[in-house]
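Structural overview
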Amino acid sequence: INMDAIIETDNPEKAKQAIKSIKNSPIIIKSKNLDFDRKLLEYGKFDILLDIEKTNGKNTLRYINSGLNHVLARIASKNNIALGIDLLALSKKNKKEKAELLTKIKQNIKICRKAGVKIKALFYKDKKDVMSLFQSLGASSQQAIESTKV
């Protein structure tokens, strides 16, 4: 994956302009917040929304703020946008942060499975390890296979 195709801006209008300027490689947008994500998902015209689980939000005993809800998932499914998970960044976290991120990823996989959103694993070493991880987090075997396809 071309690192130049990752768009990291807080402004939705600048992100839309950057999307128009990239021609051939898969376009990846780094998630910022709920409003930013919603505007860009409704706009469409890109391939992967990266790190949606890293958005800051309050977690309670009954609710985990994973950055994705059923509304965003339906919009992503309609516009054929995949959810990207950066496994390199996940592997560099300490134990507590890793556990929290895996919990959010598990919830997002469940939402994606219901809404029919594709999940893509990015920056990984071994394909089989990724498939095993995704299946242990609740992904279907089809989702786990598709997560490693480019």
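Reading the values: rules and limits
- Residues numbered from 1 in each chain as written.
- Predicted model: local features only at pLDDT ≥ 70, side-chain atom pairs only at ≥ 80, totals over all residues.
- Heavy atoms only, no water.
- Buried < 20%, exposed > 50% of the residue type's maximum accessible area, 1.4 Å probe, protein only.
- Helix = DSSP H or I, 4+ residues; strand = E, 2+ residues; numbered from the N terminus.
- Arc of directions from axis to C-beta.
- Contact = heavy atoms within 4.5 Å.
- Polar contact = N/O pair within 3.5 Å; in protein donor to acceptor, adjacent residues only side chain to side chain.
- Pairing = 2+ DSSP bridges.
- Core = buried A, V, L, I, M, F, W, Y, C linked by side-chain atoms within 4.5 Å.

**As for helix α1 (residues 12-21)**
Along α1, the residues classified as buried are Pro12, Ala15, Lys16 and Ile19. Projection of α1 onto a plane perpendicular to its axis shows the buried side chains occupying an angular sector of 100 degrees, all on one side. For α1, the exposed residues set more than 90 degrees away from the buried face come down to Lys14, Gln17, Lys20 and Ser21. In this structure, the buried residues of α1 make contact with β1 (6-7), β2 (28-30) and α2 (34-43). The residue sitting at the N-terminus of α1 and contributing the capping side-chain oxygen is Asn11; that oxygen lies 2.9 Å from the backbone nitrogen of Glu13.

**A look at the sheet that holds strand β4 (residues 82-86)**
Taken in spatial order, the 5 strands make up an open sheet running β1-β2-β3-β4-β5, and their pairing is parallel. The strands lining the two open edges of the sheet, one partner per strand, are β1 and β5 (119-122). Sheet topology note: the β1/β2 ladder contains 2 bridges and is parallel. Opposite Ile6, over in β2, you have Ile28 as the bridge partner.

**Quick notes on the nonpolar core**
Within the largest apolar cluster, 36 residues are counted, with the highest numbers of intra-cluster contacts made by Ile29, Leu41, Phe46, Leu68 and Phe134. Of all the elements in the fold, those that place two or more residues in this core are α1, α2, α3 (70-78), β4, α4 (87-91), α5 (95-115), β5 and α6 (127-136). Among the elements that line this core, the one with the most residues is α5, at 5 residues. If near-sequence neighbours (up to four positions away) are discounted, Leu41 is found in contact with Phe46, Leu49, Leu72, Ile75, Ala76, Asn79 and Ile81. Of all hydrophobic cores here, the second largest spans 6 residues; its members include Ile48, Leu50, Ala82 and Leu122.

Nothing here speaks to function; it is all geometry.
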